[in-house]
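Listed below are the residues making up each chain.
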Amino acid sequence: MATSQVQYKLDHRHLIVDDVPKTVAFYETVLGAKKTQEVEFRGIPVVRLDLNGLPLTISGQLVPGVRDHLGFEVDDFDAAVADLKAKGVEFLVQPTDIGVAKFAFIKDAAGTTLEVLCRPKQ
């Protein structure tokens, strides 16, 4: 099998929780995480933290059916989608463009949910 030209880079670990402020406070006070961004998306709080170099996102439920996951960033979203389809990967959430990012969700062989995403270059 030919090797993929698409580079998948770990972008973040995303925790979907019921109480965002309480969970963020835990990571800040107990583990020393630093808040790097706090926004709302469709009325749902989304907080990005840096936990000693580990990008961690904590939010409420953003995408129906998607819970905790690992996010992998790619430079060429269309090439990544084509690569994954060519390899027979099943999409949990089909490729989606929300303007500030393009994303899709898949599962690995162990059932872990993975997000493949691309943010426009600023």
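Please read all numbers here as calculations on a predicted model, not as lab measurements.

### Regarding the pairing of strand β3 (residues 44-51)
Sheet analysis places strand β2 (residues 34-41) next to β3, joined by 7 bridges and oriented antiparallel. Bridge assignment links Glu40 to a residue of β3, and that residue is Pro45. Connecting β3 to the next strand, strand β4 (residues 54-59), in antiparallel fashion are 2 residues, including Asn52 with a positive phi near 50°.

### Section: helix α1 (residues 20-29)
The set of residues buried in α1 consists of Val20, Thr23, Val24 and Tyr27. Each buried residue of α1 sits inside an arc of 100° when the element is viewed along its axis, so together they form one side. Exposed side chains of α1 directed beyond 90 degrees from the buried face belong to Pro21, Lys22 and Thr29. Residues of α1 that are buried make contact with β1 (9-16), β2, β3 and β4. Regarding α1, its N-cap is Asp19, as a side-chain oxygen of that residue lies 3.0 Å from the backbone nitrogen of Lys22 further along.

### Observations regarding the sheet that holds β3
Spatially, 8 strands are ordered β2-β3-β4-β1-β5-β8-β7-β6 in an open sheet, and the strand pairing comes out mixed. Edge positions in the sheet fall to β2 and β6 (91-97), since each has one partner strand and no second. Within the sheet, the average angular offset between the axes of one strand and its neighbour, ignoring direction, is 20°. Here α1 sits on the sheet and contacts β1, β2, β3 and β4; the angle it forms with β3, its principal contact strand, is near 5°.

### Quick notes on the packing of aromatic side chains
A complete count under the given rule lists 2 aromatic pairs for this structure. When the centroid spacing of 5.4 Å and the interplanar angle of 85° are considered together, the rings of Phe26 and Tyr27 count as edge-to-face. When its relative accessible area of 42% is taken as the criterion, Phe26 is described as partly exposed. Ring geometry for Phe103 against Phe105: centres 5.7 Å apart, planes inclined by 70°, an arrangement best described as edge-to-face. Between the NZ or CZ atom of Lys85 and the centre of the ring of Phe91, over which it lies, the distance is 5.9 Å.

The rules behind the values
- Residues numbered from 1 in each chain as written.
- Predicted model: local features only at pLDDT ≥ 70, side-chain atom pairs only at ≥ 80, totals over all residues.
- Heavy atoms only, no water.
- Pairing = 2+ DSSP bridges.
- Helix = DSSP H or I, 4+ residues; strand = E, 2+ residues; numbered from the N terminus.
- Buried < 20%, exposed > 50% of the residue type's maximum accessible area, 1.4 Å probe, protein only.
- Arc of directions from axis to C-beta.
- Contact = heavy atoms within 4.5 Å.
- Polar contact = N/O pair within 3.5 Å; in protein donor to acceptor, adjacent residues only side chain to side chain.
- Axes fitted to C-alpha atoms, helices over the stretch in contact; angles between N-to-C directions.
- Phe/Tyr/Trp six-rings, centres within 6.5 Å; stacked < 30°, edge-to-face > 60°.
- Lys NZ or Arg CZ within 6 Å of the ring centre and 35° of its normal.

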